[in-house]
Each structure stands twice: as C-alpha cells, then as structure tokens.
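As a plain string of letters, each chain reads:
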Number of protein chains: 2
Amino acid sequence: MGELLSKGDLVVGLDIGATKMMAVVFNNKFEALGQCRKRSRKNGQTAEDRIRQIIREALDAVGSPPIRGIGVGSPGPLDPKTGIIIDTPNLGWKNFPLGDTLSKEFGVPVVVDNDVNVGTYGEWRFGDISECEDVVGVFPGTGIGGGIIINRKLLHGFSGAAGEIGHMTLEVDGPYCGCGKRGCLEALASRIAIAKEVAALAAREDAPYVKANCGTDIENMRSGAIAKAIENGEKMVEGVVRRAAYYVGIAVANLINILSPEAVVLGGGLVEAMPDLYLEEVNRAVKEHAMPFLRKGVRIVPAKLGDNAVVLGAAHLIAKRLRAQSKA
Amino acid sequence: MGELLSKGDLVVGLDIGATKMMAVVFNNKFEALGQCRKRSRKNGQTAEDRIRQIIREALDAVGSPPIRGIGVGSPGPLDPKTGIIIDTPNLGWKNFPLGDTLSKEFGVPVVVDNDVNVGTYGEWRFGDISECEDVVGVFPGTGIGGGIIINRKLLHGFSGAAGEIGHMTLEVDGPYCGCGKRGCLEALASRIAIAKEVAALAAREDAPYVKANCGTDIENMRSGAIAKAIENGEKMVEGVVRRAAYYVGIAVANLINILSPEAVVLGGGLVEAMPDLYLEEVNRAVKEHAMPFLRKGVRIVPAKLGDNAVVLGAAHLIAKRLRAQSKA
C-alpha cells in the first residue's frame, strides 16, 4: 500500500463505543505497541475526559512518546469534515467539537469518522480485499450499521452521514423501527428484531434452551446465547435467525444492484457469533435478489479483525491524512 | 464549468434507444447545430449501420465539418471502460464493440455509457443542480432506470453497471418482475406495473374513461393516457399511480439513506406525464422513509431536458474525456 508513515512515526487509533472505549498506539507498520481499554462511562467524568485519560494511559504504556496524529471512530451522526459530533446522547454530546478538542489536547492532527465507516475501512485496508476499489461493509448487531468505500475512499455524501443502510425500507408495512418508521432493515434483522421473536418462542415453550438460560427478557437474548440455542438444536430459533440473516442478504443484494461493489464485508455481533449461517443466508439472498451481471465475481467475506477493526482503520485514516498533508 | 472545448470544436452526442435514435452536433458551448432522429430499426439494416447513417445525416445537416469526438448513451448492460455493449437483444448486439466501431468509422475518440447514466449526467450538468457533488437520477417509465453521480463522477462500480435501482427489492414476496425475481421497484412501480392495475380497473368498469379510450389491453395504457384519465376524474386510476409514485419515493428515500446525495432528479415518461403527482408522492415518501439528518436540504427536482438529456450528457462526457486526454 506504499508507506504512509516514516520509521519512528507513531499514531493513535481510538474506538469510541457506547459501552467501551479503546485507544491503541501503532508504529509505522500499524503494529500495536500499547493500548488502553475501559468502560465508556464513569461517574463524575465527562466522555471527553474519559477519552483523554484512555489515550494518555495507552501512551504511558509505551513511555509517552511523541505521536504524529490521532484517528477516531465514533458513533454518529457526526461531520467528518469538521470532526464535530452532532448528536450522541449516550455520551452527552451535542454539536461537540471532538476533533478540535483532541487536537488541542495532544497537539496533533485528528481525523474523526463514523465508527462503522472506520470499521469497514479497517477491514478493507487490513483484510484480504485491500485491492478492491469499491467495498461495502454491513454490520448487524444491536443496530445495523454500514460503511461504503467508492474509488478507494469512504463515502460521506452531502450530509456527511451516508451509509445508513440499517434504515433502508424493505417492507413498507413492516414492523416498527427504533427510528420511528416501519419496515427498516434494522426493524427486520437487528439483534433486537431477532430477540423479540426468540423471547416469544421461549414464552410459548418452543425454545426450552433459551427459556432455561435467558428467560423471556429480550435484553437477555445476546448473540452468543442465541448461537448456543441453535447449536443445541432449537430449530425455531434457527429459523428466526435465518430469516433475519436473509433480510441482511436482501439489503446486501440491493447494495450490489445500486453500487456494484467488488467485495462485501459482513461483521458485527450476530455474524461473529454465527458466521457460517450468515454467509449461507446472505449468499442465498444475493443469488436470489442481485442481478446476475452485478453479482458476478463479488466477494462476500466475513470480517476478520473483530474489535481491532476500528482502531486499525482509524490509525490508517490519520496516517493517510498526514501523508496527504505532507504532499500538499 | 470551465471551458472543456475550444472555439470551433464540434462533438456529437448520440442517444441510442430501442425505438428511436438521435444524433446531435454540438459546438463548444453545447449549442445544437444539427441533428438527425430516426426510428431505431429498419429492415435490412443492422443497428450499427443505422447509427452510422444517423450520425452522417446529422453531420451533413451542418456541412459535414470535422468533429473532435462522439459521446454515446446506449441501453445496457455495457462496459463503459471498453465501449463494449454486453447484451442488447433489441438491437441484435452481444459483446459488440460499439465504441471501437464508431471510433474507426469517424476517426475520433468515442465514449459509451449507459443511457440512464448519460441522461442523469445531462440533467446534472445542464440543469439547476450542476453545483451538487452527489446526485441521483431516477427515471420511471416502461422500466425504472437510475444513474448515480458521486464526487462529480458517474458511478460505474466493479461490473461497470452500477445504478440498477429498478431491481432494488422493496417487498420480499411482492409481484414478479421482468428480471425473474419478486418485489423489485420495477415490478411495483413501472408503467407496466401501473398498466396492469389500470387495465383491471377498466375490465371491472371502474375506469370508464380508460375503458373507452384504451380498452383493457395493458400495451395501450401509455403514460399520457393514464394522465388524461386522472385529469378526467378517475379516482381509482389516480390511486394506482399515487401508490406506484410512493414506491418510487421509497426507493429515493433508500438511496438518500445509503448515498446521501444533495439532489435527486426525477424523469422518465411517467414523471413527464404527471410531474406534480410524482413530486408530491416522492416528497411524502422521502419524508416518511429517509432519516431526517440525511434528507435535510436535499433537492428533489423534475428533469427538464426531456429527450435532449442523453445527447447533451453524451456530448459533455466526450468533451470532458477530450479535455482530460489533452492534459495527460
């Protein structure tokens, strides 16, 4: 990929999540030298103070060397041009200038982008599909996020927030979504969409493993527990998950018909817990819903970086920015 | 837009349709100097001979001056990189090197792209939205075509055929589509999808104006006749068209959620026949199905170039190519 950083250059990749945060210090070959990972919230500490502390501790772990820049993946909506977080109630941010705040604190350039964008970018750059020009990432979990790379660049669009594939309408009169409308992919296929069906199965005694291990509370139906129920032969649970995975596949097929990517990366909690099932159903849906000429040769691959996708992607994004600035 | 062509430079824009073909000679300000328009098919003449004749006649009309290049909008699928038409049974083409054929015949560079892409490009370049970076064109008619402009460039993707928005699945168990699958936008909202419902209304005596003027044959239900029936107060016909237009709006909303364009151009036979109805339903659907943050400030505009969109877009595309080559 050409050398973005010079020998001795260090950058920080930061993954800001609603439940955990992680900062990693990388060298010029994107090898992790030190890291710090903590719960996102601590009483009496603002989210921005928490982040400062996490970055400092990651740097302290390697002797507090000077760094060249910081790349950040954060929940949206946000403006990647200005580094302003528009609205993240979980972290108490509204029009918060995260990029400028970190840039002043650490005295280096900062890039901020949506966490799913950054995760897609990381999987693209550091996975087996880095030669592809056009890539789509789909991450079904509690919500369903997406990232789009076109001509080797993240797509932001007019609003800065392109890639909201979780709110693609797939069933006009479908179930209600967290966004207030109906029939979104997320309403049909997120972990919560699956959990409500599985909880109903448990309540009706149609899923005894789930009932015994998770009860009937939707909040207890984690991806791992659902995967275990399927391993234990709960056929109706499997049917529910396959149906949701097939909907993810329809969304992927629509994205193929619209964007014609060369590769699609599937990640997120549900895919990590049940990769074979997801790849099977998504491939089936793509065969049934994408145009033959457009799906020919498209690679559909599971994410492989897990929790490291965002920090790696963020580190690469800031390295690319530094390189572009040094050329300008 | 800066000057792409120099004074005295002429280019040809060619619109290849299944029923008609048109060639127009443009000067460096994209003013039409001469043109030729004919039915696409003539017994005993191949499509390529027909095209040669049409271009020659357009040039003859202005005294056969030398030209700098030819831009072509043609039905797909085709490969815009090589100018090869992959498959257009209507015109008898399979893997036909249209770009090279015309380039040899006329001794100039030729650009070939999908007709809907070229039409979207023309509406973008020569309409009121030329300052927008990211634009989507949606053209409901006999089929439903789409064109996507990202960062001021037509999106082609890995296959070269990105933008097949007519085959976006919107209802998993919906009606059959001409492509063989179910629930595509085209199966829900094309002129044929509308015509079949309107014909059924006529057969049931629920649309007397349609019955009297078009009978019950789907092939007779043209966009203009449907518009007239609505003007004549046929409420059920209006309901059918509004429902189809709303589906187009859902597709537009999905494209806004995915791509975050700054403008959406609506064209095609149905929109030309009923622009107000289409704009109303599409705006309603966008309000209901696109995320507030993504739809904010998006301009949804009717196409304004009509039959000239493709020839103008094609002329601009070849002018841009010539300019890029002269710089290289």
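Scroll up to find the structure this text is about.
Residues numbered from 1 in each chain as written. Chains lettered and ligands numbered in written order. Predicted model: local features only at pLDDT ≥ 70, side-chain atom pairs only at ≥ 80, totals over all residues.

**Quick notes on the sheet that holds strand E2 (residues 20-26) of chain B**
All names here are of chain B. The mixed open sheet is built from 5 strands, whose spatial order is E3-E2-E1-E4-E8. The open sheet has two edge strands, strand E3 (32-39) and strand E8 (110-114), and neither has a second partner. Taking the axes of each pair of neighbouring strands and ignoring which way they run, one obtains an average angle of 15 degrees across the sheet. Summarising the sheet, strand E4 (residues 69-74) and E8 pair through 5 bridges and their orientation is parallel. By the bridge assignment for E8, Gly 71 is matched with Val 111. Strands strand E1 (11-16), E2 and E3 of the sheet are contacted by helix H1 (residues 47-60), whose axis makes an angle of about 35 degrees with E2. (Pairing = 2+ DSSP bridges. Helix = DSSP H or I, 4+ residues; strand = E, 2+ residues; numbered from the N terminus. Axes fitted to C-alpha atoms, helices over the stretch in contact; angles between N-to-C directions. Contact = placed C-beta atoms within 7 Å.)

**A look at the packing of helix H5 (residues 191-203) of chain B against helix H8 (residues 235-259) of chain B**
Residues and elements named next belong to chain B. Two elements in contact, H5 and H8, have axes separated by 10 Å at closest approach and are oriented at 160 degrees. By the angle between their axes, H5 is roughly antiparallel relative to H8. Like other packed secondary-structure pairs, H5 and H8 cross with a definite hand, here right-handed. Of the residues in H8, those touching H5 at Ala 193, Ile 194, Glu 197, Val 198 and Leu 201 are Met 236, Val 237, Val 240, Val 241 and Ala 244. Grouping the constituent residues of the contact of H5 with H8 by class yields 9 nonpolar, no polar and 1 charged. (Parallel < 35°, antiparallel > 145°, perpendicular 65-115°, else oblique. Left-handed = near helix turned anticlockwise from the far one by under 90°. Nonpolar A, V, L, I, M, F, W, Y, C, P; charged D, E, K, R; others polar.)

**Here we look at unusual backbone geometry**
Unlike most non-glycine residues, Phe 30 of chain A shows phi in positive territory, near 60 degrees. Tracing the backbone through its elements, the reader meets Phe 30 of chain A in the loop between strand E2 (20-26) and strand E3 (32-39).

**Looking at the relation of the copies chain A and chain B**
When chain A is fitted to chain B, the residual RMSD is 0.0 Å, and the transformation amounts to a turn of 180 degrees plus an axial shift of 0.0 Å. Both copies are brought into coincidence by an operation consistent with a two-fold rotation axis. Interface overlap between copies: 100% of the residues of chain A at the interface are likewise at the interface in chain B, consistent with a symmetric, same-surface contact. (Least-squares fit on C-alpha atoms with pLDDT ≥ 70 in both.)

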